[in-house]
Amino acid sequence: MAADRLHTRCMSQTEYFLSPISESDAEALRAGGGPAYTADEAPGYPCRRCLKDAEVGDDLILVSHDPFGSQSKYRSASPIFLHRRSCTPDPGVGELPAQLTRRRLSVRSFDQSEMMIDAAVIDGQDLEETILGFFGESQSHRIHVHNAERGCWAVNVDRVRSLT
Ligand SMILES: [Zn+2]
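A quick note: this is a predicted structure, and the numbers were derived from the prediction, not measured.

**As for the overall build of the protein chain**
If you tally the helices and strands in the protein chain, you get three helices and nine strands. When the elements of the protein chain are put in sequence order from the N terminus, they spell out β-β-α-β-β-β-α-β-β-α-β-β. Every one of the 164 residues in the protein chain was classed for burial, and the buried ones make up 45%. For the protein chain, the proportion of contacts with a sequence separation of at least 24, taken over those separated by at least 6, is 59%. Looking at the protein chain as shown, the accessible area adds up to about 8300 Å², and 47% of this sits on carbon and sulfur atoms.

Below, the structure is given as structure tokens:
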């Protein structure tokens, strides 16, 4: 599981990691099939496994993914693009992916019971500030990030620990 998580900088007292769709879930969705696309512009086709925008000419598939892990009342499947072939996120520390920071985002904070406790629509440039603000609320356990315009789920953000 650790390989599926992307650690980010520790900008303050809260450390967090990005959780894209897991390799096994992505492979199952690829195997299940769906509408095929070839990227004809970039950016424009964000792959939610490797967290990169497809390059022009890349083959993708449109599938539906439920980012919740329980019976949350907020549970819903969301349309996402995946590269047609297996891909992996770049591991390790780094900036938030450009596929997030260049878009308008809907950011939703959930407690451990996966009940929504806060939400905001933001410019992607403000994502880190928003994550840290939401995780500043003690009951905030996980954040879901969606593309604000089309509603596509982008990534989950999990709190590693709070030092406060
Ligand atoms: Zn990809």
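**Let's talk about the coordination of the zinc ion**
Note on the zinc ion: its protein donors are Cys47 (SG), Cys50 (SG), His83 (ND1) and Cys87 (SG). The metal-donor distances range over 2.0 to 2.3 Å. Taken together, the four donor atoms surrounding the zinc ion define angles of 104 to 116° at the centre, an arrangement classified as tetrahedral. Site description for the zinc ion: donor spacing in sequence, C-x2-C-x32-H-x3-C. Within this pair, whereas Cys47 is found in the loop between strand E3 (36-38) and strand E4 (59-65), its partner Cys87 is found in the loop between strand E5 (78-83) and helix H2 (98-101), the two being separated by 40 residues in sequence. Per residue, the accessibility class of Cys47 equals that of Cys87, and both read buried.

**Some words on the sheet that holds E5**
In spatial order, the strands read E3-E4-E5; together these three strands make up an open sheet with antiparallel pairing. Of all strands in the sheet, those with a lone pairing partner are E3 and E5, marking the two edges. Along the sheet, successive strands turn relative to each other by an average axial angle of 35°, direction set aside. Sheet topology places E4 next to E5; six bridges connect them, and they run antiparallel. Bridging across to E5, Ser64 finds its partner in Pro79. Contacts from helix H1 (residues 23-32) reach E4 and E5, with the element oriented near 105° to E4.

**A short note on the environment of Val107**
On the secondary structure map, Val107 appears in strand E6 (residues 104-110). Residue Val107 is classed as buried on the basis of its relative accessible area, which comes to 0%. On a C-alpha basis, the gap between Val107 and Ala148 in space is 8.4 Å, while along the polypeptide they are 41 residues apart. Other than its neighbours up to four places away in sequence, Val107 contacts Asp118, Ala119, Ala120, Ile122, Leu127, Thr130, Phe134, Ile143 and His144.

**Some remarks on the environment of Arg104**
With respect to the element layout, Arg104 can be found in strand E6. Placed 42 residues apart in sequence, Arg104 and His146 show a C-alpha to C-alpha distance of 8.8 Å. When neighbours within four sequence positions are excluded, Arg104 is seen to be in contact with Val121, Ile122, Asp123, His146, Asn147, Ala148 and Glu149.

**Some thoughts on the side chain of Ser109**
In this structure, Ser109 sits in strand E6. In terms of polar contacts, Ser109 uses its side chain to reach the side chain of Ser140, at 2.7 Å. Here Ser109 is in contact with Met115, Met116, Ile117, Asp118, Phe134, Ser140, Arg142 and Ile143, once residues within four sequence places are set aside.

Thresholds, definitions, all that
- Residues numbered from 1 in each chain as written.
- Predicted model: local features only at pLDDT ≥ 70, side-chain atom pairs only at ≥ 80, totals over all residues.
- Heavy atoms only, no water.
- Helix = DSSP H or I, 4+ residues; strand = E, 2+ residues; numbered from the N terminus.
- Buried < 20%, exposed > 50% of the residue type's maximum accessible area, 1.4 Å probe, protein only.
- Contact = heavy atoms within 4.5 Å.
- Areas by Shrake-Rupley, 256 points an atom, 1.4 Å probe, with all protein chains shown as cover.
- Donors = N, O, S within 2.8 Å, 3.2 Å for Na, K, Ca; no water.
- Tetrahedral: all angles 85-135°; square planar, octahedral: opposite > 155°, others 65-115°.
- Pairing = 2+ DSSP bridges.
- Axes fitted to C-alpha atoms, helices over the stretch in contact; angles between N-to-C directions.
- Polar contact = N/O pair within 3.5 Å; in protein donor to acceptor, adjacent residues only side chain to side chain.

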